[in-house]
Amino acid sequence: MPAAPTTLTAPPAPARGDPVIEVHDLVKRYGKAVVHDGVNLDVYRGEVLSIVGGSGSGKTVLLRQIVGLERPTSGSIRVFGEDPNHLKPAQLQALRNRWGLQFQGGALFSALSVIDNIALPLRELRALPDNLICQAALLKLQMVGLSARDADKMPADLSGGMVKRVALARALALEPELVFLDEPTAGLDPMASDGYVALIRELRRELGLTVVMITHDLDTLVALSDRVAVLADHKVLAAAPIDEVVKVDHPFIHEYFLGERAQRAMQALHPAPGAAQSGEA
Ligand SMILES: Nc1ncnc2c1ncn2[C@@H]1O[C@H](COP(=O)(O)OP(=O)(O)OP(=O)(O)O)[C@@H](O)[C@H]1O
Ligand SMILES: [Mg+2]
C-alpha cells in the first residue's frame, strides 16, 4: 500500500486512551421484550462518557451488564480486556475491585452509619485491619467534601446532596480506575447539583478516573461529558462530543437537545462572544 502523503495529512487527533470498555453487538431481551438489539459502545481511558436515552431505553440495564450483574442475551462485553460474564467468581471479584459503582438513587445501607457505608467495600476485601479501614474511609469522606463530623451520622439524617457524596465516597473506597454513576445528580437542587459536578471534575482530574455516567440532567451532561452516547431504538445512535451528537437527525435527539432548556445548557458550553460571565473576577 502506498504511504499516505505526509504534507496533506490532518494534524494528529488528540491522544485517546485505550478502550477500557468494549461492547459489541449486544442484545438483551427479557422474554419477548427487547431492550438492546445490537448495542456497540467503546469507552476510552480517562474520558467522561455520558449515556442518555428516554426512560426505559435500557441505560441501567446496559450498565448492569457491563458490570456483570446481568448476562447479555448475546454479544460481547469487555472491561479492562475481560468479559465479566465469563469469569470465575474470584476473577470477577478482582475485576470488580477495579471499578466503583454509584447506583441510581444512592442506595446507602440505612442501618449503617456514613463511615460504615464507605468502609463496606474495604471490609468485604478482608485484607486490612479495621483501624486502617477507618482511616481510609475517613479520607474518602473528606475527598468528597464532607468532614469527620459527618462520619457517625445515619443515612436518614443526611441531605440529598450528602447522600450522593457518601455514595460516591463508597464508590471510590477501593481507589478504582473507573467509576459508574447512575443519575448522580437526580433529585438535587441546582446548587447541590453544581457542587457535585465540580467535585466529579476535580476528582477526575486528580485521580485520572474514567467515568461512565447515566444522566437525564442536561446541565450535568454539558458540564462533564467528553462524549455522549445516545441510547434509542434499542441501539447506541451516536457516541460523540455533544456538538456532533446534536447534529444527528433523530426525534429523541431533537427533543432532548434542541428544546428550550437544552439550548440554555448548550449556551453555557459555548457562551456568545462578549456575554457576561457571572461570578468571575
Ligand atoms: N429484570 C428485569 N426483567 C424484566 N424487564 C426488565 C428487567 N430490568 C429491566 N427491565 C426492563 O428493561 C427496560 C430498560 O430498563 P432500564 O432500567 O435500563 O431503563 P433506563 O433507561 O435506565 O430508565 P430510567 O431512565 O427510567 O432509569 C425497561 O422496560 C424495564 O422494564
Ligand atoms: Mg435507569
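Above this text you will find the structure in question.
From a predicted model like this one, the values you see are computed outputs, not experimental measurements. (Residues numbered from 1 in each chain as written. Chains lettered and ligands numbered in written order. Predicted model: local features only at pLDDT ≥ 70, side-chain atom pairs only at ≥ 80, totals over all residues.)

Considering the overall build of the protein chain
Thought 1: Along the backbone of the protein chain there are 10 helices and 9 strands.
Thought 2: By residue count, 35% of the 281 residues in the protein chain fall in the buried class.
Thought 3: Within the protein chain, contacts between residues separated by at least 24 positions form 65% of all contacts whose residues are at least 6 apart in sequence. (Helix = DSSP H or I, 4+ residues; strand = E, 2+ residues; numbered from the N terminus. Buried ≥ 20, exposed ≤ 12 C-beta atoms within 10 Å, placed from the backbone. Contact = placed C-beta atoms within 7 Å.)

Looking at the site of ligand 1
Thought 1: The full set of residues close to ligand 1 is Tyr30, Val35, Gly53, Ser55, Gly56, Ser57, Gly58, Lys59, Thr60, Val61 and Gln104.
Thought 2: If you tally residues by element for the shell around ligand 1, the top one is helix α1 (residues 59-66), at 3 residues. (Near = placed C-beta within 6 Å.)

Observations concerning unusual backbone geometry
Thought 1: Despite not being glycine, Asp25 has its phi angle at roughly 50 degrees, a positive value.
Thought 2: Of note, Asp25 is situated in strand β1 (residues 19-30).
Thought 3: Positive phi, normally seen in glycine, also occurs at Asp233, with a value near 55 degrees.
Thought 4: Take Asp233: it is sitting in the loop between β8 (227-232) and β9 (235-240).
Thought 5: Under the C-beta neighbour-count criterion, Asp233 is labelled partly exposed, with 14 such atoms within 10 Å.

A look at the sheet that holds strand β4 (residues 74-79)
Thought 1: Strand order in the open sheet formed by 3 strands is β2-β1-β4, with antiparallel pairing between adjacent strands. With partners counted over all chains shown, the strands left at the sheet margins are β2 (33-44) and β4, one partner each. The sheet shows a mean angle of 15 degrees between the axes of neighbouring strands, taken without regard to direction.
Thought 2: When β1 meets β4, the two strands line up antiparallel, connected through 5 bridges. Across the sheet, the residue bridging to Ile21 is Val79, located in β4. (Pairing = 2+ DSSP bridges. Axes fitted to C-alpha atoms, helices over the stretch in contact; angles between N-to-C directions.)

Concerning the environment of Leu101
Thought 1: Looking at where Leu101 falls in the secondary structure, it is placed in strand β5 (residues 99-102).
Thought 2: Between the alpha carbons of Leu101 and Asp182 there is a distance of 8.1 Å; along the sequence they are 81 residues apart.
Thought 3: Not counting residues within four places of it along the chain, the set of residues in contact with Leu101 comprises Val67, Ala171 and Phe180.

Observations concerning the pairing of β2
Thought 1: For β1 and β2, the ladder comprises 9 bridges, and the chain directions are antiparallel. Within β2, the residue paired with Ile21 across the bridge is Val43.
Thought 2: Between the end of β1 and the start of β2, which pair antiparallel, lie 2 residues, with Gly31 showing a positive phi angle near 60 degrees.

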